[in-house]
Amino acid sequence: MKYIYDLHKAMLNQNLILVYEGEFTQEITKSVLAMAERNMDSFGEEAAVKRKVFNIMVECLQNITKHAFSYDDDSYGKNSAIFMIGKHQDEYVITSGNAMLNEEVNGLSRKLEEINDLDKEGLKERYKFIIKNGKISDKGGAGLGLIDMARKSGNKLGYDFERVNDKITFFSLKTTISRNKESE
Amino acid sequence: MLEAIYLDGTEDTPKIILDKSNNMFEISGRSLPEDAAEFYEPILSWLEKYEGQENPKTNFMFKLEYFNTASSKLILDILSKLETIEGASVTWYYHEDDEDMEEAGEEFSELVDIPFDFKTY
């Protein structure tokens with residue numbers, strides 16, 4: 001049973017205050033949000049920081065609910081993915097990981113590159129363009145989630161694609177939110 | 001007579017008031033439904049019916065704590081609908097230290113042609 005201790009240590013080393021692994025639904029999104037809110041309230045996190053963390057969590061969790069690819073429903077359930085929040089001295093780190101189809105990797109990778117190439121003003125213009133001209137997708141998304149995460153965090157999005165096999169790739173995403181308002 | 005809509009807020013949907021006879025129009029709280037288009041459909045169709053029988057003045061109050069990006073698209077749809085309603089205006093409330101909500105209101109005001117009034121709470 002050493003894995004329990006190992007997992008516990010890994011969580012402490014990464015300063016993880018919340019880890020959720022499993023199926024993602026709107027109900028689970030609400031529960032994870034409530035837990036994170038209570039956690040931040042418990043040590044009196046500043047309201048402005050709390051709001052940013054909450055907003056970015058919502059977009060991240062709803063992205064997973066909408067887009068995570070179910071690659072082995074029987075063993076892992078639908079939309080199986082991982083979501084974590086790390087709390088550090090100066091920042092919160094929100095990370096997620098989920099499987100996706102290989103053929104969708106290029107499109108997402110290009111989108112993330114474009115977002116990271118934009119500055120504050122560029123992101124604002126992009127957001128306004130899409131909200132005005134875009135349409136709600138079949139999955140219910142507005143195509144604004146990643147841009148919003150980049151805008152609200154004020155930082156570049158970190159990401160990685162790990163090829164699993166000839167069908168799926170594991171996508172990891174990392175958003176950093178500063179706890180120190182002056183440094184923004 | 002256009003029947004009023006009163007919806008209580010939940011942890012992921014906002015409180016809604018659309019009441020022509022009392023001249024009250026409000027969206028407040030949290031808006032992060034999974035299916036924003038479905039949630040806002042009755043509100044948009046109410047405004048559709050309201051147009052053409054509108055009160056002389058329609059002040060629409062937005063007092064949102066959080067909204068997700070899918071909701072933001074639907075909020076713009078509501079504002080675009082209000083654009084076609086004679087005498088419509090918006091009061092956009094934001095928490096005094098919530099710069100993101102203030103900025104969101106400013107952006108919406110740039111996207112539609114309706115008078116916006118900004119207030120803090």
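The structure this text deals with has already been given above.
The structure presented is a predicted model; accordingly, all values stated were derived computationally and were not measured. (Residues numbered from 1 in each chain as written. Chains lettered and ligands numbered in written order. Predicted model: local features only at pLDDT ≥ 70, side-chain atom pairs only at ≥ 80, totals over all residues. Heavy atoms only, no water.)

### A look at the interface of chain A and chain B
The condition is simple: Contacts between residues were defined by any pair of non-hydrogen atoms, one from each residue, lying within 4.5 Å. A quick way to say it: buried area is the sum, across both parts, of accessible area lost when two parts are put together, with a 1.4 Å probe. Salt bridge, as used here, is a side-chain nitrogen of Lys or Arg placed within 4 Å of a carboxyl oxygen of Asp or Glu. Think of a polar contact as two N or O atoms within 3.5 Å of one another; within protein, one of them needs to be a possible hydrogen donor and the other a possible acceptor, and neighboring residues in sequence only count if both atoms come from side chains. Helical segments are the DSSP runs of H or I of at least four residues, strand segments are the runs of E of at least two, and each set is numbered from the N terminus.
Facing the 32 residues of chain A at the interface are 26 residues of chain B. Note on chain A versus chain B: buried area summed over both sides is about 2,600 Å², and carbon and sulfur give 50% of it. When the buried surface of chain A facing chain B is broken down by residue, A:Arg51, A:Lys128 and A:Ile131 rank first, second and third, together holding 24% of it. Where chain A touches chain B, the interface holds nine salt bridges. In this structure, A:Arg51 and B:Asp97 form a salt bridge, with 2.3 Å as the shortest nitrogen-oxygen distance. Between the two partners, chain A and chain B, sit 15 residue pairs in polar contact (both at pLDDT 80 or more). At the level of elements, α2 (26–42), α3 (47–67), α6 (120–133) and α7 (145–153) of chain A are the ones that each hand at least two residues to the side of chain A that touches chain B. Looking at the side of chain A that touches chain B, the element that brings in the most residues is α3(A), giving twelve residues.

### Here's the deal with the side chain of A:Asn116
With respect to the secondary-structure elements, A:Asn116 resides in helix α5 (residues 105–117). Discounting chain neighbours no more than four positions away, the residues touching A:Asn116 are A:Lys156, A:Leu157 and A:Tyr159.

### Quick look at the packing of aromatic side chains
Let me state the cut-off plainly: Between rings of Phe, Tyr and Trp, where Trp is taken as its six-membered ring, a pair exists when centres lie within 6.5 Å; planes separated by under 30 degrees are stacked, by over 60 edge-to-face, and by other angles tilted. For every residue, the accessible area obtained with a 1.4 Å probe (protein chains only) is divided by the maximum for its type, and the residue is called buried under 20%, exposed over 50%, and partly exposed between those limits. Counting as a charge over the ring demands two things of the Lys NZ or Arg CZ atom: a distance within 6 Å of the ring centre and an angle within 35 degrees of the ring normal.
Scanning the model with the defined rule gives 15 aromatic pairs over all chains in all. Judged by centre distance (6.2 Å) and plane angle (45°), the rings of B:Phe67 and B:Phe108 are tilted. With B:Phe67 in strand β4 (residues 58–67) and B:Phe108 in helix α3 (residues 99–111), the pair connects residues that are 41 residues apart, well separated along the chain. A ring pair is formed by B:Trp92 and B:Phe108, whose centres lie 5.6 Å apart and whose planes are at 50°; its orientation type is tilted. Here B:Trp92, found in strand β5 (residues 88–94), pairs with B:Phe108, found in helix α3; they are 16 residues apart in sequence, far enough to count as distant. Note on B:Phe108: relative accessible area 4%, which makes it buried. Put simply, the rings of B:Phe25, B:Trp46, B:Tyr50, B:Phe60, B:Phe62, B:Phe67, B:Trp92, B:Phe108, B:Phe116 and B:Phe118 pair up and form one aromatic cluster. Across the ring face of A:Phe43, the terminal group of A:Lys87 is positioned such that the distance to the ring centre comes to 3.7 Å.

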